[in-house]
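# Coordinates in review
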Amino acid sequence: MPSQEHFAIERFMDEYEENVDFNVAETCCHSLTLNELHKLCDEKFELNYDKRLTYGSICGSPELRSLIAKIHSSQNVQLTKENVLITNGAIAANFLVSYALAGPGDHVICVAPTYQQLSSVPRMFGADVDILCLKEVDGYLPHIAELTAMIKPNTKLIVLNNPNNPLGSVIPTDLLEKIATVADDRNITVLCDEVYSPLFHSCGQPKSFVQLSARGIVTGSMSKAYSAAGVRLGWIVSRDTKFLEQAASRRDYNTISVSMVDDEIAHYILRNRDAVLKRNYTLCTENLATLKDFVKSSNGKFSFVHEPEGGSVCLIRVSGIEDTEAFARSLATHYKVLFAPVECFGIPGTLRVGYGNSNLELTKGLELLNKAYNGELEK
Ligand SMILES: Cc1ncc(COP(=O)(O)O)c(C=O)c1O
């Protein structure tokens, strides 16, 4: 059996998520109900009650795949449904990419900090994984010379995450282009996890990696920018249809197809995406302003590791508290407020703040964080 690393953040969330009053560890933009979607969008979601509940289209419905292809297309790079494979969330998409590409004898380079899955899964499949540390001096972006120097003759895959979880840093197009050139010149595939795209609320929108490299692979989902994690639906997009066929054949053993009901809801949300994204840009921008005010007025108790440019999460440093895991556990137990401790991401002394959730959740959460830091116990 392949040996698997403990998935720290998922275990932590599972332990506390259902038992707190305010969730500031949430990474999704405030999840929507169907009733709220009806109000936001010009049309109502109508489930076809006469449709037979079969497995549906195995790789995802042609309508949904075509729409996702269109979202990832540009004037220069036109994609079709053949470039899209539907999965159970981005988590299954990322898993499938490693399952199809990484094994014993392969070398993989993965940025850190990032979502642990991105380095743990290729390692689980027997690949040799090296970490490219994102540093403050580089604006928490991949350093191109450092990345190039890490490449070995057997490097098969470079893994990026844009926007980054947990930092909120965004790799701009010019740097993505440099990475694409380095990788393409050496026949290395790049997987860019774009699950937080297009939440580029505080910067210009970079190109999707699928635009920049013919062998580039991107993953995404309904969870974060589209506020619908309950629709367990994600995707892999690539111009490399041979790779997609390989991934689809691997997927045969663990998916068959994704729920046809989820497929229909995802199509409904994506065809009304402008309204949903407008709501979520406003939410992230206003909540980020709330968070900046909180940090500013904290007199140094809390500070940003990096002011986020995109996504819905960022890291704050908690002055004088090294063991933020114990602190986060105490916050969850005694104050009923959830922050993700960044021991889960390998940076002690920090907490991850999810600022895409409702403003009430964030405001109350920050208030309780301040009380806990000052040692004031909730009654
Ligand atoms: C970077 C990253 N990739 C993938 C996922 C999984 O998302 P999904 O809900 O689409 O499976 C997450 C979830 O937190 C994430 O942060």
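The rules we used
- Residues numbered from 1 in each chain as written.
- Predicted model: local features only at pLDDT ≥ 70, side-chain atom pairs only at ≥ 80, totals over all residues.
- Heavy atoms only, no water.
- Helix = DSSP H or I, 4+ residues; strand = E, 2+ residues; numbered from the N terminus.
- Rg over C-alpha atoms; globule rule 2.2 N^0.38 Å.
- Buried < 20%, exposed > 50% of the residue type's maximum accessible area, 1.4 Å probe, protein only.
- Pairing = 2+ DSSP bridges.
- 1 Å grid on protein atoms, 1.4 Å probe; cavity = no way out; pocket = protein on both sides within 12 Å on 5 of 7 lines; lining within 4 Å.
- Points joined across faces, edges and corners; volume = space filled by probe spheres on them.
- Nonpolar A, V, L, I, M, F, W, Y, C, P; charged D, E, K, R; others polar.
- Phe/Tyr/Trp six-rings, centres within 6.5 Å; stacked < 30°, edge-to-face > 60°.
- Domains from an automatic or database assignment.
- Contact = heavy atoms within 4.5 Å.
- Buried area = accessible area lost by both parts, 1.4 Å probe.
- Polar contact = N/O pair within 3.5 Å; in protein donor to acceptor, adjacent residues only side chain to side chain.

Take the overall build of the chain next. Assigned secondary structure in the chain consists of 12 helices and 13 strands. Expected size for 379 residues packed as a compact globule is a radius of gyration near 21 Å; at 20 Å, the chain falls within 12% of this value. Reported as C-alpha extents along the three principal axes, the dimensions of the chain are approximately 60 × 55 × 45 Å. Of all 379 residues assigned to the chain, the portion counted as buried reaches 56%.

Next up on the list: the pairing of strand β6 (residues 189-193). Taking burial as the measure, the 5 residues of β6 include 5 buried ones, the bulk of the element. A two-sided burial pattern is seen for β6, the buried positions comprising Thr 189, Leu 191 and Asp 193 on one face and Val 190 and Cys 192 on the other. Here strand β5 (residues 155-161) pairs with β6 via 5 bridges, running parallel. Bridge assignment links Leu 157 to a residue of β6, and that residue is Thr 189. As paired strands, β6 and strand β7 (residues 217-221) are joined by 3 bridges and run parallel to one another.

This structure, assessed with the given rule, holds 1 cavity of 30 Å³ or more. If you add up the space inside the largest cavity, you get close to 40 Å³. Around the largest cavity, the lining residues are Val 111, Leu 134, Tyr 140, Leu 141, Pro 142, Leu 160, Asn 161, Asn 164, Ser 169, Val 170 and Ile 171. Within the lining of the largest cavity, the residues separate by chemical class into 8 nonpolar, 3 polar and no charged.

With that out of the way, let us pick up the packing of aromatic side chains. Under the defined criterion, the tally for this structure stands at 8 aromatic pairs. Between Phe 12 and Tyr 16, the aromatic rings sit 5.0 Å apart at their centres with planes inclined by 55°, giving tilted as the arrangement. On the criterion of helical spacing, the pair formed by Phe 12 and Tyr 16 is a turn pair, its members being 4 residues apart in helix α1 (residues 8-16). Here Phe 12 and Tyr 16 have matching classes, each one buried. Centre to centre, the rings of Tyr 99 and Phe 125 are 5.2 Å apart; their planes meet at 15°, and the pair counts as stacked. Taken together, the residues Tyr 99 in helix α4 (residues 89-101) and Phe 125 in the loop between α5 (117-124) and β4 (128-133) connect sequence positions 26 residues apart. Judged by its relative accessible area of 18%, Phe 125 is buried. Linked through ring pairs, Phe 95, Tyr 99 and Phe 125 together constitute an aromatic cluster.

Domain annotation of the chain identifies domain 1 (8-35 + 274-373) and domain 2 (52-272). Once you take the C-alpha centre of each, domain 1 and domain 2 turn out to be 25 Å apart. Across the boundary between the two partners, domain 1 contributes 35 residues, which contact 30 residues of domain 2. Roughly 2600 Å² is buried in total at the junction of domain 1 and domain 2, and carbon and sulfur atoms are behind 58% of that figure. Connecting domain 1 to domain 2 are 21 residue pairs in polar contact (both at pLDDT 80 or more). Looking at the side of domain 1 that touches domain 2, the elements with two or more residues in it are α1, α10 (273-296) and β10 (313-318). Here the residues of the side of domain 1 that touches domain 2 are counted per class, giving 20 nonpolar, 9 polar and 6 charged.

Moving on to the environment of Leu 134. Counting through the fold element by element, Leu 134 comes out in the loop between β4 and α6 (144-150). Here Leu 134 falls in the buried class, since its relative accessible area comes to 9%. Residues Leu 134 and Thr 114 lie 20 residues apart in sequence; the distance between their C-alpha atoms is 9.4 Å. Apart from the residues lying within four places of it in its own chain, the contact partners of Leu 134 are Val 111, Ala 112, Pro 113, Tyr 140, Leu 141, Pro 142, Asn 164 and Leu 167.

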